[in-house]
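A look at the structure
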Amino acid sequence: MLSNKTTSSAVRSAINALQHYKVLNTLTNDCFDKALETEQQLSIEKKNNSPLYGRPILIKDNFCLRDTLTTCASKMLANFRAPYTSTIVQRLIDHGCIIVGKTNMDEFAMGVASWGAFGPVANPWSLTKTTMTNVENNKTVLHVAGGSSGGSAAAVAANFVSIALGSDTGGSIRNPAARCGCYGFKPSYGLLSRLGMVALVNSFDSPGFFARNIDDLIFATNAVAGPDDEDATLLSKPFENFKTSNELSKEKKKIIIGLPDDYDVNTLSSEYRLCWQDLVHRLTETGEYTFKRVQLPYTPYSNAAYTILSSCEIASNMARYDGIKYGHHTKNIDKNKDTYEDILKKTRDESLGERVRGRILAGNYYLLEENYDKYFVQSQRVRRGVMNDYKKVFEEDKIDCLLAPVVSNDPITLAEYEQADDIFSEDDIFTVGANLAGLPALSFPVRLSSKGFPIGLQLIGPFLKDQELLSTAYRICSTYQFPFLDLTKQI
Amino acid sequence: MAATAAAAVLSSGRFYALIGFEIHVKLATHSKMFSSSSSAPAQTTNSQVTPFDMALPGSLPYFNRTCLEAGIRAAIGLNCQLNKISHFERKHYFYPDSPAGYQITQQRYPFASNGVFHYPLLIKKDKLKSSTKYKFVDNQNSFVIKQCRIERIQLEHDTGRSIHDDHQNRTLIDLNRFGTGLIEIVTKPDIQSSLEGESFLRELNRLLIKYNICEQSGLETAVRVDANVSLHRMNTKPDGNRIEIKNLGSFIDVRQAIDFEIKRQEQLLTNNYSIKNETRTYDTNKYQTIHLRRKEDQIDYRFMIEPNLPPLYLYDDNDKHIYGKNFVNIDDIKRNIPISPLDERKQYLDKYKDFLTAEHLHELLRLDMIDYFRDVMTHLDNNHLRHIALEVLLSDVKSISYDGRKIRKFAQAVSPILFADIIKHLEKRIITRFSLYTLLTLCNKSRDSTRSLKSFLDEHNMYAINDENELEKICLKILEENPKQIDRYKTNPKKALEQLHTSVCKKYHGRIHDDLVNDVFKRLLDKRIK
């Protein structure tokens, strides 16, 4: 909310916090000066009554903002200034939000560690571990913040800002929200415009928000949801605002929550499983919730289908990065010898990271004429199987929503992550289902692990039942208090 | 000459040709197919480029309704089945004029398929009578109508333009054209000769312009053709192999490329080589096709469903749930579509049956004069005038326009109104029939198409001499200058009159009415004899 005092400024506080905690590397670049200017303007103009008016926010660096660097944490776009603003961001600006900076992420939103060309985001909870210091250099040991929207998640979790924008393609909002200890909401596919959001997998990409309470998620989503004239995959009917906790009727009907057996995998640590079970017990005791075990038999195949479908679309979406119109262009040109293809190869080799190149290669393989049916089309059939699994559970078994894990164990250190070799994470199994089926999902922090890291769980709801999902989340989260982090107190 | 060589091959009875076309038609819509920028041609370089057109990160396609409507009109005109569900796909390949690294097209699920198109064979009258091949003619007065089946029509967009600058060793890209709407029409290989090919394409062109699918503009070619040609020994089955000739830009190029290919393939077959799949291009300067790439080098385009565009649903009157909504209705478009060129010509035959025969119409068609004929007819209000006009079109205008090749220029210089005026003047005997060729040539050469007929006649003194007295004076003068003829008249009156007629016409180019002057001479000479 906008302050009347001339000395205190919400933007100024955010800037101070972000600068003080540079070690977390949450930003790719900042808009500090412009943000302060805007705050001044808004306090004079007093344009509207939006609950977001004057609020400093951060946006993930894969959303275009006019005349601002939009890098996607890639060398390829390190110098790219967008000549236009994405629909979602423009709507936030129209509501009076003040954009303080662009947040760090995995390169082109591929990964679960938010480690792109500009270094990794660090989990803010690493800074609370006074016992964890590196023996060699006496520096605090840092842990992964999750990904790919780690910068946005970390900043909200640490209370630098109250709301941040992210994107979720295979779990990229829910994963870092769970790791960093804040709320992460991925709405139903087709509610939020993707215009101006750099595409990763067009069929799965969904913009979404991080916040420290559910009402803020609702305010932010209400400000941006609904059709625009430029995204043909949006639902055409006008968007009806979600109601906040105050606006909903106090009548509490009984909620039936499904517990998917197929998500109870071996890799889930006993500590994290226990958290899941404890919550179930606690909620059962209130008498307002019934839990049922449900089956989603296509789950073991969902990762493979997601891998194939996403690789194909990624290979296709990345084809535009040739350095000719914008972005990185190789300087290593032999004028006498190099053909168009040679220059193209050098440009892309130099500026696209290994993970990105790996996905492009895989995608191009799956899209070969001889492979299309075997891989792409077959994966779409599996995807339909996944969708039908959920549909059956929600419609036939009369389940309101599902409660499931998001990650299986505490975050590893950045050093450990660097050694590891995986392209895909085993935790993907928890999150990709909701993307394959376009369902709304919300990740929420429950309690701290024995090592002091947040353990999060998620709710997955039926398609377009976002309001119900948000209300259920609110009810569940009001039954306990999670110790949200606030690093600004220590400045 | 490739044409005669190819014709010899085909009429030898030892070979037959299978020819099919892939025709790219630029749609006459204001904006592009998937973005809102204008599709107007010949604008300042890179001035019509939206984020989508240059594949900016985060940009998305949005389908243009008028492109769909134009496509549906084409499908109706080609008697295609309209597929109520079709899909857009990405066709991937790297090239500088394709900013996204892919083109949006409809490969596996086009919106229209299984059609057939009827077209008149354009052949010179004398060839029609003499050739035994054209045994489809039931009577000499009818058109030979042939048919070609249409395999599919798909919606897609155009690429940008590459300009190769050899001096500075670079390629320049203009993205104005990128994204403009196209339909690609793919025919089955029903065409059997270059003549059939040209006839088919000309009739198709008429349909596309009449249905307002593409524009007839001098600024950019609206229609580009790739031809697939394969020659086979008579009584053998085709093996599916064919030669693809890319980017033929004019009817003549199509004709010559096909003829060249037929002859070239005949040589191969005769020397026991088989035809293997190959892509060739046509060299307009050398009149031959040139190898471009082999089958093994054929590109795998990695077609993938376009995820940013939902499936394309088409509706008709049976889909009640769309009533009241502003969806594209196929039946609505059918009801409002203009008459086809084929049916329109049938109408002319009926309307002008007093003087217009199928043979006339066929010749007008061959000379590309149908539109001009139609416009002239509307400016003349009785059949007598119209008949005269027709006769002049098929003689003088045919010649002046180089057998129809320069008819467009002629139509611009000599507007239908001007032409009609000339015919009226002719009928009123204000000008003579003999002056027409000169008069029309003068009008055609004039750069000012708004000049009145009167100004031409005044400037070049082309009025017929109708005044009896004046004519008599002239004839007397001629008689004075040609005393021999006066004598000759006594013994050989016919010859004498002829000579006198020649002399007077020499002196008064095109201003002399034959019948009038003959009467005057006769009268004067008869008087003398008495």
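Residues numbered from 1 in each chain as written. Chains lettered and ligands numbered in written order. Predicted model: local features only at pLDDT ≥ 70, side-chain atom pairs only at ≥ 80, totals over all residues. Heavy atoms only, no water.

**Some thoughts on the nonpolar core**
This is how the line gets drawn: Take the buried Ala, Val, Leu, Ile, Met, Phe, Trp, Tyr and Cys residues and link them wherever side-chain atoms come within 4.5 Å; each set so joined is a nonpolar core. Partly exposed residues are those whose accessible area sits between 20% and 50% of the maximum for their type, while under 20% is buried and over 50% is exposed, using a 1.4 Å probe and protein chains only. Here a helix means four or more residues in a row that DSSP labels H or I, a strand means two or more in a row labelled E, and each is numbered from the N terminus.
F108, L403 and F444 of chain A together with F21 and F200 of chain B are the most contacted members of the largest nonpolar core, which has 229 residues in total. With seven residues, the single largest contributor to this core is helix α2 (residues 65–77) of chain B. Membership of the second largest hydrophobic core comes to 45 residues, among which are M369, L418, I423 and C443 of chain B.

**Description of the UniProt feature "active site" (unreviewed entry) in chain A**
Residues and elements named next belong to chain A. The condition is simple: UniProt positions are given in the numbering used here, feature names are shortened, and annotations may be inferred rather than shown by experiment. In what follows, a contact means two residues having at least one pair of non-hydrogen atoms within 4.5 Å. Think of a polar contact as two N or O atoms within 3.5 Å of one another; within protein, one of them needs to be a possible hydrogen donor and the other a possible acceptor, and neighboring residues in sequence only count if both atoms come from side chains.
Residues annotated in UniProt with the feature "active site" (unreviewed entry) correspond here to K60, S148 and S172. Taking the farthest pair of C-alpha atoms as the criterion, the annotated set spanning 113 residues converges on one region, since that pair is 11.0 Å apart. Given a relative accessible area of 0%, K60 falls into the buried group. Excluding anything up to four places from it in sequence, K60 contacts K102, T103, M105, A109, S148, S149, S152, L165, G166, S167 and S172. Looking at K60, its side chain comes within polar contact range of the side chain of S148, at 2.9 Å. Looking at the element boundaries, S148 is found in the loop between β5 (119–120) and α4 (150–157). Residue S148 is classed as buried on the basis of its relative accessible area of 0%. In this view, S148 contacts K60, N104, M105, D106, A109, M110, G111, S114 and S172; residues no more than four positions away in its chain are not counted.

**Overview of the pattern of salt bridges**
All names here are of chain B. The condition is simple: Whenever a carboxyl oxygen of Asp or Glu lies within 4 Å of a side-chain nitrogen of Lys or Arg, that contact is scored as a salt bridge.
Enumeration over the complete set of coordinates arrives at 55 salt bridges over all chains. Linking D316 and K84 is a salt bridge whose minimum nitrogen-to-oxygen distance equals 3.3 Å. One end of the pair, D316, is in the loop between β16 (312–313) and α6 (330–336); the other, K84, is in the loop between β2 (81–82) and β3 (85–86), with 232 residues separating them in the sequence. The exposure class assigned to K84 is partly exposed, which follows from its relative accessible area of 31%. Each of the salt bridges in this network shares a partner with another, and the network as a whole consists of E261, R264, E278 and R280.

**Topic: the interface of chain B and chain A**
Our working definition: By buried area we mean how much accessible surface two parts lose on assembly, using a 1.4 Å probe and totalling the loss over both. When residues are grouped by polarity, Ala, Val, Leu, Ile, Met, Phe, Trp, Tyr, Cys and Pro land in nonpolar, Asp, Glu, Lys and Arg in charged, and all others, Gly among them, in polar.
Taken together, the contact between chain B and chain A spans 30 residues of the former and 39 residues of the latter. Here chain B meets chain A over a buried area of about 2800 Å², counting both sides, of which 59% is carbon and sulfur. Our enumeration of links across chain B and chain A arrives at zero salt bridges. Here chain B is connected to chain A by 19 residue pairs in polar contact (both at pLDDT 80 or more). Put simply, the parts of the chain that give the side of chain B that touches chain A at least two residues each are β4 (89–92) and β15 (304–305) of chain B. Here the residues of the side of chain B that touches chain A sort into 20 nonpolar, six polar and four charged.

**Topic: the sheet that holds strand β9 (residues 255–260) of chain A**
Residues and elements named next belong to chain A. The condition that has to hold: Only strands that DSSP links by at least two bridges are regarded as paired with each other. Lines are fitted to the C-alpha atoms to define the axes, a helix being fitted only along its stretch in contact, and any angle between axes, read from their N-to-C directions, falls within 0 to 180 degrees.
An order of β1-β3-β2-β6-β8-β7-β12-β13-β11-β9-β10 is seen for the 11 strands of this open sheet, with the pairing classed as mixed. With partners counted over all chains shown, the strands left at the sheet margins are β1 (27–30) and β10 (289–294), one partner each. Looking at each pair of strands side by side, their axes are set apart by 30° on average, direction ignored. Direction of pairing for β1 relative to strand β3 (residues 98–103): antiparallel, over a ladder of three bridges. Paired with L27 across the bridge in β3 is T103. Relative to β3, helix α2 (residues 32–45) is tilted by about 160°, and along the sheet it contacts β1 and β3. Contacts between helix α11 (residues 373–396) and the sheet are confined to β10, β11 (401–405) and β13 (454–460), with β11 contributing the most and set at about 130° to the helix.

**Focus: helix α14 (residues 466–477) of chain A**
All names here are of chain A. To keep it simple, the criterion reads: Expected helix span is computed as 1.5 Å times (number of residues minus one).
Across its 12 residues, α14 extends 16 Å between first and last C-alpha, which sits within 8% of the 16 Å expected from 1.5 Å per residue. Among the 12 residues that make up α14, 10 are buried, leaving the element largely enclosed by the rest of the structure. Every buried residue of α14 is accounted for by D466, Q467, L469, L470, S471, T472, A473, R475, I476 and C477.

**Quick look at the domain arrangement of chain B**
This is how it is decided: Domain start and stop positions are those given by an automatic or database domain assignment.
On domain assignment, one finds that chain B holds domain 1 (2–305), domain 2 (367–460) and domain 3 (468–529). For domain 1 of chain B and domain 2 of chain B, the distance between their C-alpha centres works out to 36 Å.

**Examining the confidence of the model for chain B**
Residues and elements named next belong to chain B. Applied cut-off: Note on scores: pLDDT gives the predictor's confidence for each residue, bounded by 0 and 100.
Chain-level pLDDT for chain B is 89 on average; 95% of the residues reach the 70-or-more range. Between the elements of chain B, mean pLDDT differs from a low of 50, seen in helix α3 (residues 125–130), to a high of 98, seen in β4. Segment residues 128–140: pLDDT under 50, and 13 contacts once partners within four positions in sequence are set aside and those in other chains are kept. The ipTM, which scores confidence in the relative placement of chains, is 0.94 for this predicted complex, and the corresponding pTM is 0.89.

**Quick look at the state of the cysteines**
All names here are of chain B. Put simply, the rule reads: A pair of sulfur atoms, both from cysteines and within 2.5 Å, is called a disulfide here.
On inspection of all chains with the given rule, the structure shows zero disulfides over all chains. The structure places no disulfide on C67, whose sulfur is separated from the nearest cysteine sulfur, that of C214, by 13 Å. Lacking any disulfide linkage, C80 is separated from the closest cysteine sulfur, that of C148, by 11 Å.

**Details of the sheet that holds strand β6 (residues 112–120) of chain B**
Residues and elements named next belong to chain B. The strand order across the open sheet formed by nine strands is β2-β6-β7-β10-β1-β11-β12-β13-β14, and the pairing between neighbours is mixed. The sheet terminates laterally at β2 and β14 (288–294), the two strands that pair on one side only. Here strand β1 (residues 15–26) runs beside strand β10 (residues 181–187); their pairing, made up of five bridges, is antiparallel. Each residue of the ladder has a partner; that of E22, found in β10, is V186.

**Focus: helix α10 (residues 383–400) of chain B**
Side chains that are three or four residues apart share a direction in an α-helix, a result of its 3.6 residues per turn. Residues and elements named next belong to chain B. As a reminder, the rule being used: Take the seven residues that end at a residue and the seven that start at it, fit an axis to each, and the angle between those axes is the bend at that residue.
Given a rise of 1.5 Å per residue, 18 residues ought to cover 26 Å, and the 24 Å separating the end C-alpha atoms of α10 matches this to within 8%. If you look at α10, its biggest bend is around 40°, right at L393. Looking at α10, one finds that the buried residues are L385, R386, I388, A389, L390, V392, L393, L394, D396, V397 and I400. The elements touched by buried residues of α10 are α8 (358–366), α9 (370–378), α11 (407–413), α12 (416–427) and α13 (436–445). Where α10 begins, the capping side chain belongs to N382, and its oxygen is found 2.9 Å from the backbone nitrogen of H384.

**Re the pairing of β11 of chain A**
Looking along a regular strand, one sees side chains alternate from face to face of the sheet. All names here are of chain A. When you tally the buried positions in β11, you get five out of five residues, the bulk of the element. The alternating pattern of β11 places C401, L403 and P405 and L402 and A404 on opposite faces, both of which are buried. Sheet topology places β9 next to β11; two bridges connect them, and they run parallel. Looking across to β11, one finds that I257 is bridged to C401. One ladder, built from four bridges, connects β11 with β13; its direction is antiparallel. Considered in β13, the bridge of L403 is made with L459.

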